[in-house]
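Structural description and commentary
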Amino acid sequence: FYSIQGIGVDRDTIQAVEWYQKAAEQGHAEAQFNMGFYCTQGIGVDCDTIQAVEWYRKAAEQGHTSAQHMMGIACENGYGIERSEPSAIEWYRKASKGTGPAQEEAKNALARLHALADGEVNGHEYVDLGLSVKWATCNVGASSPSLLGKGSSWSEKDNWGDEWRKPTRTEMEE
């Protein structure tokens, strides 16, 4: 960090990357993530997306949230790895349970891919937010989160089963 930023020493990207690589090879997750970034951007090393994915995967498998998010991006777009939406969703789900900005970005990616559901009740997907009730992933009766469904008019009796109902005020305030 100090060599790449030039804090207290002359800035030396090549030397900094050499130190990060040594740490990464010893299993340091943050250094592995940084090596993935440097390989992606061609900072101090040749630009190599395949090598970047290898570094990101090593960090991601240790629970590094940003690396998990980057693996999701790589799998979704086929950067340095075969394109696979199911793999992308798997990595985004892992990152969505982590911390930091990458967690929110992973949640946004899951929403974009319509992959937020934790399960299904009566043919309708739900998200388990760890509250006392499960929340539908879209308005009940709609085919996607962006559409209004019959659930927007709770006064009508719909055939969604006893599992679906309007949340109580207490449940809304959780």
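Just above sits the structure.
I will try to describe carefully the structure that is included in this document. (Residues numbered from 1 in each chain as written. Predicted model: local features only at pLDDT ≥ 70, side-chain atom pairs only at ≥ 80, totals over all residues. Heavy atoms only, no water.)

Turning to the pattern of salt bridges, a few remarks are in order. If the charged atoms of two oppositely charged side chains come close together, the side chains can form a pair. This model, assessed by the stated rule, comprises 2 salt bridges. Its salt-bridge partner being E90, residue K94 comes within 3.7 Å of it at the nearest N-O pair. With K94 and E90 both in helix α6 (residues 85-96) and 4 residues apart, this pair spans about one turn of that helix. Of the residues examined, K94 reaches a relative accessible area of 36% and is grouped as partly exposed. Look at E90 and you get partly exposed, because its relative accessible area is 43%. (Salt bridge = Lys/Arg side-chain N within 4 Å of Asp/Glu carboxyl O. Helix = DSSP H or I, 4+ residues; strand = E, 2+ residues; numbered from the N terminus. Buried < 20%, exposed > 50% of the residue type's maximum accessible area, 1.4 Å probe, protein only.)

Now for the nonpolar core. If you look at the biggest cluster of nonpolar residues, it comprises 28 residues, and the most contacted ones within it are M35, M71 and Y92. When contributions to this core are tallied by element, the ones reaching two or more residues are α2 (13-25), α3 (29-41), α4 (49-61), α5 (65-77), α6 and α7 (101-112). In this structure, Y92 is in contact with H69, G72, I73, E76, A106, A109, L110, R112 and L113, ignoring residues within four places of it in sequence. (Core = buried A, V, L, I, M, F, W, Y, C linked by side-chain atoms within 4.5 Å. Contact = heavy atoms within 4.5 Å.)

With that settled, consider the packing of aromatic side chains. Evaluation of the coordinates by the stated rule reveals 3 aromatic pairs. With centroids separated by 5.5 Å and ring planes inclined at 65°, the aromatic side chains of Y20 and Y38 adopt a geometry described as edge-to-face. Separated by 18 residues along the polypeptide, Y20 in helix α2 and Y38 in helix α3 bring together distant segments of the chain. As far as burial versus exposure is concerned, Y20 and Y38 are alike and both buried. For the ring pair F37 and Y38, a centre distance of 6.0 Å and an interplane angle of 65° mean the geometry is edge-to-face. Of the residues examined, F37 reaches a relative accessible area of 34% and is grouped as partly exposed. Through successive ring pairs, a cluster of aromatic residues spans Y20, F37 and Y38. (Phe/Tyr/Trp six-rings, centres within 6.5 Å; stacked < 30°, edge-to-face > 60°.)

The analysis is restricted to geometry; functional conclusions fall outside its scope.
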